[in-house]
Amino acid sequence: MIFVKSFDNKTLILNLNPNTTTFETLKLQIERDLGIPLSLQRIFLNPRRLVGDESTLIAELGVRSNSALTLHLPLFGGMQAPVPPKPRLEFLNTKPPPNYVAGLGRGATGFTTRSDIGPARAAPDLPDRSATTIGGAAAPGGVGRGRGKGGAEEEEEDDGDEKGYDENQKFDEFEGNDVGLFASAEYDEDDKEADAVWEAIDKRMDSRRKDRREARLKQEIEKYRASNPKITEQFADLKRKLCTLSAQEWDSIPEIGDYSLRNKKRRFESFVPVPDTLLEKARQEQEHVTALDPRSRAAGGTETPWAQTPVTDLTAVGEGRGTVLSLKLDRLSDSVSGLTVVDPKGYLTDLKSMKITSDAEISDIKKARLLLKSVTQTNPKHPPGWIAAARLEEVAGKIQAARQLIHKGCEECPKNEDVWLEACRLASPDEAKAVISKGVKAIPNSVKLWMQAAKLEHDDVNKSRVLRKGLELIPDSVRLWKAVVELANEEDARLLLQRAVECCPLHVELWLALARLETYDNAKKVLNKAREKLPKEPAIWITAAKLEEANGNTAMVGKIIERGIRALQREGLEIDREVWMKEAEAAERAGSVATCQAIVRNTIGIGVEEEDRKRTWVADAEECKKRGSIETARAIYAHALTVFLTKKSIWLKAAQLEKSHGTRESLDALLRKAVTYRPQAEVLWLMGAKEKWLAGDVPAARAILQEAYAAIPNSEEIWLAAFKLEFENHEPERARMLLAKARERGGTERVWMKSAIVERELGNTGEERRLLGEGLKLFPSFFKLWLMLGQLEERLGDFEKAKEAYDSGLKHCPSCISLWLSLSHLEEKMNGLSKARAVLTMARKKNPQNPELWLAAVRAESRHGNKKEADILMAKALQECPTSGILWAASIEMVPRPQRKTKSLDALKKCDHDPHVIAAVAKLFWLDRKVDKARTWLNRAVTLAPDTGDFWALYYKFELQHGSEENQKDVLRRCIAAEPKHGEKWQVISKAVENSHLPSEAILKKAVVAIGKEESVAESIKG
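Residues numbered from 1 in each chain as written. Predicted model: local features only at pLDDT ≥ 70, side-chain atom pairs only at ≥ 80, totals over all residues. Heavy atoms only, no water.

**Student:** Can you walk me through the overall build of the protein in this structure?
**Tutor:** Helix and strand counts for the protein come out as 52 helices and 5 strands. Looking at the 1023 residues of the protein, the share that counts as buried comes to 33%. For the protein, restricting intrachain contacts to residue pairs at least 6 apart in sequence, the fraction spanning at least 24 positions comes to 53%. On the protein, roughly 64,900 Å² of surface is accessible, and the fraction owed to carbon and sulfur atoms is 54%. (Helix = DSSP H or I, 4+ residues; strand = E, 2+ residues; numbered from the N terminus. Buried < 20%, exposed > 50% of the residue type's maximum accessible area, 1.4 Å probe, protein only. Contact = heavy atoms within 4.5 Å. Areas by Shrake-Rupley, 256 points an atom, 1.4 Å probe, with all protein chains shown as cover.)

**Student:** Hey, could you run me through the packing of helix H19 (residues 447-456) against helix H21 (residues 478-487) in this one?
**Tutor:** When two helices pack together, their arrangement is given by the angle between the helix axes and the distance between those axes. Interhelical geometry of H19 versus H21 gives an angle of 20° and a closest axis separation of 10 Å. Comparing their axes, H21 and H19 come out roughly parallel. Read as a crossing pair, H19 and H21 show a hand that is left-handed. Contacts between H19 and H21 pair Val447, Lys448, Trp450 and Met451 from the former with Arg479, Leu480 and Ala483 from the latter. Here the residues of the contact of H19 with H21 are counted per class, giving 5 nonpolar, no polar and 2 charged. (Axes fitted to C-alpha atoms, helices over the stretch in contact; angles between N-to-C directions. Parallel < 35°, antiparallel > 145°, perpendicular 65-115°, else oblique. Left-handed = near helix turned anticlockwise from the far one by under 90°. Nonpolar A, V, L, I, M, F, W, Y, C, P; charged D, E, K, R; others polar.)

**Student:** Would you take a moment to explain the sheet that holds strand E1 (residues 2-5) for this structure?
**Tutor:** Pairing between sheet strands relies on hydrogen bonds along the backbone, with the strands arranged either parallel or antiparallel. As summarised here, the arrangement of the 5 strands in space is E2-E1-E5-E3-E4, forming an open sheet in which the pairing is mixed. Only two strands of the sheet have a single neighbouring strand rather than two, namely strand E2 (11-14) and strand E4 (48-49). Pairing analysis gives 2 bridges linking strand E3 (residues 42-45) to E4, with the strands arranged antiparallel. Note that in E4 the partner of Leu45 across the bridge is Arg48. Of the strands in this sheet, E1, E2, E3 and strand E5 (68-72) are in contact with helix H1 (residues 23-34), which crosses E2 at around 125°. (Pairing = 2+ DSSP bridges.)

**Student:** What is the right way to read helix H37 (residues 749-762) from this model?
**Tutor:** One turn of an α-helix holds 3.6 residues; hence residues three or four places apart share an orientation. Here H37 spans 20 Å end to end across 14 residues, near enough to the 20 Å set by a 1.5 Å rise per residue. Against the buried residues of H37 lie helix H35 (716-728), helix H36 (732-744), helix H38 (765-778) and helix H39 (783-795). Following H37 by one or two positions, Gly763 has its phi on the positive side, about 85°. (Expected span 1.5 Å × (residues − 1).)

**Student:** When you look at the pairing of E1 in this model, what are you seeing that I'm missing?
**Tutor:** Each regular strand displays side chains that alternate between the two surfaces of the sheet. Bridge count between E1 and E2: 4 bridges; the pairing is antiparallel. Following the sheet pairing, Ile2 is matched in E2 by Leu14. Between E1 and E2, which pair antiparallel and follow one another directly, the connecting turn spans 5 residues, one of which, Asn9, has a positive phi of 65°. In this structure, E1 lies alongside E5, joined through 3 bridges in parallel fashion. From the neighbouring strand, Val4 faces E5, where its bridge partner is Leu69.

**Student:** Sorry if this is basic, but what is going on with a positive patch on the surface here?
**Tutor:** On the surface, a cluster of positive charge is contributed by Arg204, Arg208, Arg212 and Arg216. Elements that contribute at least two residues to the positive patch include exactly helix H5 (189-208) and helix H6 (210-227). Of note, Arg212 is situated in helix H6. Taking the relative accessible area as the measure of exposure, Arg212 reaches 57% and is therefore exposed. (Patch = residues over 30% accessible without salt bridge, like charges linked within 9 Å, V, L, I, M, F, W, Y side chains within 5 Å. Salt bridge = Lys/Arg side-chain N within 4 Å of Asp/Glu carboxyl O. Lys, Arg positive; Asp, Glu negative; His and termini not counted. Charge placed at Lys NZ, Arg CZ, Asp CG, Glu CD.)

**Student:** Help me understand the pairing of E5 in this model?
**Tutor:** Of the two faces of E5, only one is covered, namely that formed by Leu69 and Leu71; the face formed by Ala68, Thr70 and His72 stays uncovered. Two strands pair when backbone bridges link them, and E3 and E5 are joined in this way by 3 bridges, in the antiparallel orientation. Residue pairing across strands places Ile43 opposite Leu71, the latter belonging to E5.

**Student:** What is the right way to read the nonpolar core from this model?
**Tutor:** In summary, soluble globular proteins display a tendency toward joint burial of nonpolar side chains. Membership of the largest hydrophobic core comes to 113 residues, with the highest contact counts inside it found for Trp481 and Ile636. Leave out the neighbours within four places in its chain, and Trp481 touches Leu471, Pro475, Leu496, Arg499, Ala500, Cys503 and Cys504. Ranked by size, the runner-up nonpolar core spans 88 residues in total, among them Ala735, Leu776, Val839 and Cys975. (Core = buried A, V, L, I, M, F, W, Y, C linked by side-chain atoms within 4.5 Å.)

**Student:** Any chance you could explain the confidence of the model for the protein here in plain terms?
**Tutor:** Fine structural detail should not be taken from predicted coordinates in areas where pLDDT scores are low. Per-chain confidence: the protein averages 78 in pLDDT, with 81% of residues scoring 70 or above. Low confidence marks residues 120-167, where pLDDT is under 50. Its contacts with residues over four positions away, or in another chain, come to 41 contacts. In this model residues 333-342 is a low-confidence stretch, pLDDT under 50, and it forms 8 contacts with partners more than four residues away in sequence or in other chains. (pLDDT = per-residue confidence, 0-100.)

**Student:** Whenever I open this one, unusual backbone geometry confuses me. Can you help?
**Tutor:** With the exception of glycine, the majority of residues adopt a negative phi angle, and the majority of peptide bonds are in the trans configuration. Even without a glycine there, the phi angle at Gln849 is positive, about 60°. For Gln849, the position within the fold is in the loop between helix H42 (833-846) and helix H43 (851-863). Residue class for Gln849 comes out exposed when judged on its relative accessible area of 58%.

**Student:** What is the right way to read a negative patch on the surface from this model?
**Tutor:** Taken together, the side chains of Glu186, Asp188, Glu189, Asp190, Asp191, Glu193 and Asp195 define an acidic patch exposed on the protein surface. With respect to the secondary-structure elements, Asp190 resides in helix H5.

**Student:** Would you explain a nonpolar patch on the surface in this entry?
**Tutor:** Taken together, the side chains of Val197, Trp198, Ile201 and Met205 make up a nonpolar region of the molecular surface, amounting to roughly 380 Å² of accessible area. Structurally, Met205 is set in helix H5. Taking the relative accessible area as the measure of exposure, Met205 reaches 31% and is therefore partly exposed.

**Student:** Even after reading the chapter, I still don't get the side chain of Thr56, so can you show me in this structure?
**Tutor:** You can see Thr56 is positioned in the loop between E4 and E5. Those residues in contact with Thr56 that sit more than four places away from it in its chain are Thr21, Thr22, Phe23 and Leu61.

**Student:** Before we go on, may I ask you to explain the packing of H39 against helix H41 (residues 817-831) in this structure?
**Tutor:** At a minimum axis separation of 10 Å, H39 and H41 run at an interaxial angle of 20°. It follows from the interaxial angle that H39 and H41 lie roughly parallel. You can see that H39 and H41 cross each other, and the crossing is left-handed. Contacts between H39 and H41 involve Phe783, Trp786, Leu787 and Glu794 from the former and Ser818, Leu819, Ser822, Leu826 and Lys829 from the latter. Residue classes in the contact of H39 with H41 are distributed as 5 nonpolar, 2 polar and 2 charged.

**Student:** Looking at this structure, I do not really get the packing of aromatic side chains. What am I missing?
**Tutor:** Given two aromatic rings, their pairing is described by the distance between the two centres and the angle made by the two planes. Following the criterion strictly, the structure yields 5 aromatic pairs and no others. Seen in terms of ring centroids, Phe782 and Phe783 are 6.3 Å apart; in terms of plane orientation they differ by 50°. Their pairing is tilted. Here Phe782 falls in the buried class, since its relative accessible area comes to 15%. Here Trp926 and Phe958 contribute two aromatic rings whose centre-to-centre distance is 5.3 Å and whose plane-to-plane angle is 85°, an arrangement assigned as edge-to-face. (Phe/Tyr/Trp six-rings, centres within 6.5 Å; stacked < 30°, edge-to-face > 60°.)

Next comes the structure, spelled out in structure tokens:
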């Protein structure tokens, strides 16, 4: 609800919601209720006028529910209508106005009795002069000359007092009499709660009427716009007909001429002769002068006064550059053959080096020159002013003036080293040594000047002599000592460092450098002296530990680090664990592995809470591993395993580290130690056996598995590992015996499945069917057994039994996608597309939002040439599974080649990190011959999904076509290390009976061949 106060002090109540009402709707409502046109409405909120677009909500303009707006009308001048005269009132017979005092206007003062004001009535508000008599004295008990009141009036007054308010109180049209009634009351919490309740009621009522009100307002606005159309709307139908005009009709439309010239007065035009000065200037700009200007001759012909160069004539500038170019080309031409011998690169570089100074730059240089001149004159002892002035002249190309200015700066500020360094930089090579010599004489204790003087020398002998002379004057300069030591040979450096530590005993780098140059015994003495001078320096203790390790005393390394930490703590130095871990990594990089291990052992637990030790240490080891600090990570795990002997996760982390960066012997030793403390951890036994098997030591792997079975007698994982070991090493009889024992001891469904796999490998069809039947009686909900039974019947050609197996499996496992897909393929073989389509439809109803089923349906339609149906199914699939990578990848391959880029962008927006989409994008780059991008995206795909063999096959095929032999070997090595198990094409090849024992390398090459055949078939179909 909104209140609008009009110009005639009337209040208009509008039932509008500010959050849904636009500014134009508000104006239309006011026009309908008050009859005031939109153009004359001026709406104000407090002192601010509301201004906005037609579509602006009034809530955005600050209007809230129950807000009071004020409506004004503009006054545009004109004559006012005559006002009829007011009738004369019989004022003597009417009731006097409130607070009227008779005679007050002529200076008399009335009086008020107790009967007039009542016992609880405040005195009326009167002007100040009403409190005094005519003569100015107080009249507390005087009798006034005003009229008294009768008895009836006194009774009415008493009634008014009982009511609690004055009947003559001014009435407010907006708030009624509440202003007078509650003027003195306080606004407490009850009032606030009541207002909130009423506001909620108003909102509720407003929401109930909102739809009808908005519909009514919308209808009114449409009606108003229909009655008052815009110019563009009136001519809209005519504009649409313009599309039917032909080119000849367009050309025949006459041009609009300006016929207002005939009414314009002809301007007076006057012609004056051109002044001679302008003609002379033009002549000077076009002529070529071969003589030098007098001021140029005074400067030696090396400078051209700016006033004599017409820089504003761009034509002259262009002609001048053309002349210079022709002279250079003539000079570069061969005098014998006439052919030019221009170096194009040098010529272009020379052209770039030509600087064309504009008028603006020249003006800026002049202003800066004046400013810096003022600085150097008013404060000649200010070195930055001289340096800035010299650099300005250098930028302007006046190197000589820059040298003169900096020379004056050296004279004015001889004790500032920056001025001398700038003078040395600006001086010519022959004069630089003289300048720096004056500088070091003026400031003999300046290290910067001595270093600059050494740089000016060309051979090491002279540099060393200059630096030694500087050390005579500044013996405590570490920078000079380092510079002179770097130039000396080993013997001289040792002597110099001995002197350096005497002059700078508190600099640890000099002590450590001296220790590295000394022999073992002397180095220990040097480090002991350094420890006495610098008791709080940990680098000395670490260097001592490295010294002992370098000389074969590894037993002393840990003691030195331990003593050093205790000594530093006694000196009050806080041991920062992070800093010491960085020192351990630095020691590892320096080849001091024992020192690294000692630092880790003594500092890894400092500042770590007991409950956080495991998590913190594992995180530290992983970070060190990422940075390449393998020995540090190994030391952290070794220390952690001394504290947490029975934590399987730490043993596994350490084993993974040894597997990645260690040797087989170290890994075997670690796993042996691990199973000693954690004999119930199956994964540790299996890792040890697998490593022995990969190393080719099958008997040792068998022994480890026997020990594991003795430690964990009922472990199915160990039974299956033993079976795999025998099966992969072509020992089917031993594998069959192991599985038979496992079945006798109550093996799970996996044991029965492995048993059937062994019989399939051996070609025993009857035994395989028997095992599958017995297994399905025990485990009817294990879908792999149903799948293997159906595949067995398919291999034997009995499609009806295969169909029965799949149907039975789906009754027990309706959510198994593999069974649905196998049944659809079988139906497609037996009965064609219609039956397969029905199976896939039923599968999608029972398993909604499954991308594999949608993809199978799309491919089935594509195989039978129903491209339109395939596109429709793909669209529905992407609506139901918008984040499926396999669907997006298939969609990219289905669309025509020009649309694939757009489709790939949509796919990346929906699923950026899906490996299928990334592989599809890599194929696009491959087709476009963008080899580097394709390699990057394929690498990203195999990194995201290293267990999917299809991506490895695609990557290897790409490298075979575009990569080098090294890249091919790298992809092959990475694939073998990843040991992929999944992938649509990969599983078809790897699970074939003839390929059951093939390594990953052979399966990868077969997958590449299969991909090539598939691509050739697809190309032949398109062709």
